[in-house]
Amino acid sequence: VSQQVLEQVLGELQPLCTSEQQFLQEFFCLSCGSVELEVRVSTGVPSRFIPHLSHDLVWFLRPEEATTQLLSEIFSCLEPELRAFLDVCSKVQPLGCLQVLVTLSDSVLGTWGPCSAPPSSFLHTLLGNVLLLAKSNFNKCIGTLCKEMEEAKPASRTRGGILPCVSRFQELVALSEEMFQTSQRRGELDRAQLRLASSVFSSISSLSSASLKVNVDMVMMENFHHIHNFLCQRNIPCLEGKKREAKQRCREHMEKYITTYVSQSLERLKGVKARLAQGVKEEELSFQLAYSKQELRKVIEKYPGKEVRRALETLYRTIHKHLSPEGNLPVVWQAVEQGFIQQYREFEELIQRCYAGAGIALDFSMEDLLSYFNSITMAN
């Protein structure tokens, strides 16, 4: 509504101000140079026709300054009224300032067709001043929205899923893109969208396990994945960096989640890797009592194929529980499979290096592991 009213006001002001300016310039010879104007005033134009232009004014004001002064007096209420209208738009419609900014920018830049304010005109200058206020209102609005997203907290013991701040971010970006689709000026919008993106990223990163019923890394992974998909669909140049960042953050939290749960599935086998990380030499490891060949065989006996498969089935149910309805379970499960296979290869390699020639191996093979994942996938 505010856009339509503003367009109507500008559409009526443009011919009115332009015709008045032309009349003043022609009638009072204000389109002439100052010397020519002085001559015409002193010799050819009766003083009764130029009541506001004395010889003193001619000497001290250039023609364009005289025109501006006259028009400022004639339209003295115009700028205050426009400013008051902008304030009303900001109060009545939260994002009304965005549409006002677009309309005023297009008018000042001359991209609004015949209703644009002519360059160097009184109206063009006046709208330029009002445009500064529109930019200020827009920046304040974006600042408020950013603060709301940064300070937003998930509902008590939320079950995860797509957070309200993420949905709000997508809504704001979609709305602003729609409003700016015909505008040739995106500077303010690009800066605003970057601020909004930074705020929503900050809000996601501030999540804590105290406010969630499910795994924090899973919630973060889901929301960054959701933002990445949204930005891929939108293809907004200024947010390309944020799109890449969302993808990277999604990958990081997925890896943390997978590492946590995959490691729990093979917890006892982590001891060998931990001791090597502490500086124990590979060839000396098997001589330590806790990591002797006999002890390693006992550990491996605790991971027969059927137990590993049962652990994977439990892990699948856990992931399904942690994921929201919007989550992509096949993608996460495939990443889990890749993470599990990677750890399997690491353990196999460590056993071969640290217990070479001992004939020790895990109870299940790579082919067995792949069949476990395949059967779980097919069953669900």
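Numbering of residues begins from 1 in every chain and follows the order in which that chain's sequence is written. Confidence filtering applies because this is a predicted model: local features only for residues at pLDDT of at least 70, side-chain atom pairs given and counted only at 80 or more, and all residues used for totals across whole chains, interfaces and linings. As a rule here, side-chain values cover all heavy atoms of the structure and leave hydrogens and water aside.

The name given to the protein chain in an unreviewed UniProt entry is EXOC1 protein, with the source organism recorded as Nesospiza acunhae.

Undergrad: Help me get a handle on the overall build of the protein chain, residues and values and all.
TA: Runs of E in the DSSP output that reach at least two residues are strands. Runs of H or I that reach at least four are helices, and both are numbered from the N terminus. Along the protein chain, the regular secondary structure elements total 17 helices and zero strands. Exposure classes here rest on a 1.4 Å probe applied to the protein chains alone. A residue is buried below 20% of its type maximum, exposed above 50%, and partly exposed in between. Across the 380 residues of the protein chain, 44% fall into the buried class. Whether two residues are in contact is decided by their heavy atoms: any pair within 4.5 Å suffices. Look at the contacts in the protein chain between residues 6 or more apart in sequence, and 73% of them connect residues 24 or more apart. Accessible areas in this description were obtained via Shrake-Rupley with a 1.4 Å probe; residue shielding takes into account the shown protein chains only. For the protein chain, the accessible surface area stands at approximately 20,400 Å², while carbon and sulfur atoms represent 52% of it.

Undergrad: Tell me about the packing of aromatic side chains, residues and numbers included.
TA: Only rings of Phe, Tyr and Trp enter the pairing, Trp through its six-membered ring, and a pair is recorded when the two centres are within 6.5 Å. The plane angle decides the type: under 30 degrees is stacked, over 60 is edge-to-face, the rest tilted. Applying the stated rule across the entire model yields six aromatic pairs. Note on Phe201 and Phe224: the rings are 5.3 Å apart at their centroids and 80° apart in plane angle, and the pair reads as edge-to-face. Of this pair, Phe201 sits in helix H9 (residues 187-205) while Phe224 sits in helix H10 (residues 216-234); the two residues are 23 residues apart in sequence, bridging distant segments of the chain. For the pair formed by Phe201 and Phe224, the shared burial category is buried.

Undergrad: Before we move on, can you summarise the nonpolar core with the specific residues and values?
TA: As used here, the term nonpolar core means buried Ala, Val, Leu, Ile, Met, Phe, Trp, Tyr and Cys residues forming a set that is joined through side-chain atoms within 4.5 Å. In this structure, Leu104, Ile227, Ile319 and Leu369 are the most contacted members of the largest nonpolar core, which totals 102 residues. With 14 residues, the single largest contributor to this core is helix H7 (residues 122-151). In contact with Leu369, other than residues within four places in its own chain, are Val308, Leu312, Phe340, Ile341, Tyr344 and Phe364.

Undergrad: Describe in detail the confidence of the model for the protein chain, supporting the description with residues and values.
TA: Predicted coordinates in regions of low pLDDT should not be interpreted in detail. A score between 0 and 100, pLDDT records how confident the predictor is in each residue. Here the protein chain averages 77 in pLDDT, while 74% of its residues score no lower than 70. Throughout residues 33-60 the model reports pLDDT below 50, and contacts reaching past four residues in sequence, or to other chains, amount to 29 contacts.

Undergrad: A description of the state of the cysteines should follow, citing residues and the corresponding values.
TA: The rule for a disulfide is simple: a pair of cysteine sulfur atoms within 2.5 Å. With the rule as written, the count across this model stands at zero disulfides. There is no disulfide at Cys146, and the cysteine sulfur nearest it, in Cys141, is 9.4 Å away.

Undergrad: Could you give an account of the environment of Asn215, naming the residues involved and the relevant values?
TA: Inspection of the secondary structure puts Asn215 in the loop between H9 and H10. In this structure, the C-alpha to C-alpha distance between Asn215 and Tyr257, residues 42 residues apart in sequence, is 8.0 Å. Beyond its immediate stretch of four places on either side in the chain, Asn215 contacts Tyr257, Tyr261 and His322. Any pair of N or O atoms that falls within 3.5 Å is considered a polar contact. Within protein, one atom must be able to donate a hydrogen and the other to accept it, and sequence-neighbouring residues count only if both atoms are side-chain atoms. A polar atom in the side chain of Asn215 sits 2.9 Å from the backbone nitrogen of Asp217. Of note is the side chain of Asn215, whose polar atom sits 3.0 Å from the backbone nitrogen of Met218.

Undergrad: Summarise the environment of Ile142; cite the residues concerned and give the values.
TA: Position of Ile142 among the secondary structure elements: in helix H7. Non-local contacts of Ile142, meaning those with residues more than four positions away in its chain, are made with Ala192, Arg195 and Leu196.

Undergrad: Tell me about the environment of Cys250, and please be specific about residues and values.
TA: If you trace the backbone, Cys250 turns up in helix H11 (residues 240-265). Contacts of Cys250, omitting those with residues within four sequence positions, involve Met221, Phe224 and His225.

Undergrad: Go over the packing of helix H8 (residues 164-180) against H10 with me, naming the residues and quoting the values.
TA: Helix axes are fitted only over the stretch in contact, all axes being lines through C-alpha atoms; the angle between N-to-C directions runs from 0 to 180 degrees. H10 packs onto H8 with a crossing angle of 10° between their chain directions and a minimal axis gap of 10 Å. Taken together, H8 and H10 sit at an angle that is classed as roughly parallel. Contacts between H8 and H10 involve Val166, Phe169, Gln170, Val173, Ala174 and Glu177 from the first element and Asn223, His226, Ile227, Phe230 and Arg234 from the second. Polarity classes work like this: nonpolar for Ala, Val, Leu, Ile, Met, Phe, Trp, Tyr, Cys and Pro, charged for Asp, Glu, Lys and Arg, and polar for all others, with Gly in that last group. Looking at the contact of H8 with H10 residue by residue, the classes come out as six nonpolar, three polar and two charged. Here the word oblique covers every angle except those under 35 degrees (roughly parallel), over 145 (roughly antiparallel) and from 65 to 115 (roughly perpendicular).

Undergrad: Run through the pattern of salt bridges, naming residues and quoting values.
TA: Salt bridge, as used here, is a side-chain nitrogen of Lys or Arg placed within 4 Å of a carboxyl oxygen of Asp or Glu. Applying the stated criterion across every chain, the model contains twelve salt bridges. Salt-bridge contacts for Glu79 lead to Arg83; the nearest nitrogen and oxygen are separated by 3.1 Å. Residue Glu79 and its partner Arg83 are located together in helix H5 (residues 78-92), separated by four residues, close to a single helical turn. Classification of Arg83 by relative accessible area gives partly exposed; the value is 28%. Ionic pairing is found between Glu307 and Arg310, a salt bridge with its closest N-O pair at 2.7 Å. Residue Glu307 and its partner Arg310 are located together in helix H15 (residues 305-322), separated by three residues, close to a single helical turn. The network of salt bridges with common partners includes Lys135, Glu188 and Arg191.

Undergrad: For the side chain of His253, give the residues involved together with the corresponding values.
TA: Tracing the backbone through its elements, the reader meets His253 in helix H11. For His253, a relative accessible area of 9% corresponds to the buried category. Not counting chain neighbours up to four residues away, the residues in contact with His253 comprise Asp217, Met220, Met221 and Phe224.

Undergrad: Lay out unusual backbone geometry with the relevant residues and their values.
TA: Backbone geometry follows two general trends: most residues other than glycine have a negative phi, and most peptide bonds adopt the trans configuration. One non-glycine residue, Asn235, lies in positive phi territory at about 55°. Tracing the backbone through its elements, the reader meets Asn235 in the loop between H10 and H11.

Undergrad: Tell me about helix H17 (residues 366-379), and please be specific about residues and values.
TA: Under the 1.5 Å per step criterion, the end-to-end length of H17 is 20 Å for 14 residues, consistent within 8% with the ideal 20 Å. Looking at the buried side of H17, the elements it contacts are H15 and helix H16 (329-354). A helix is expected to span 1.5 Å multiplied by its residue count minus one.

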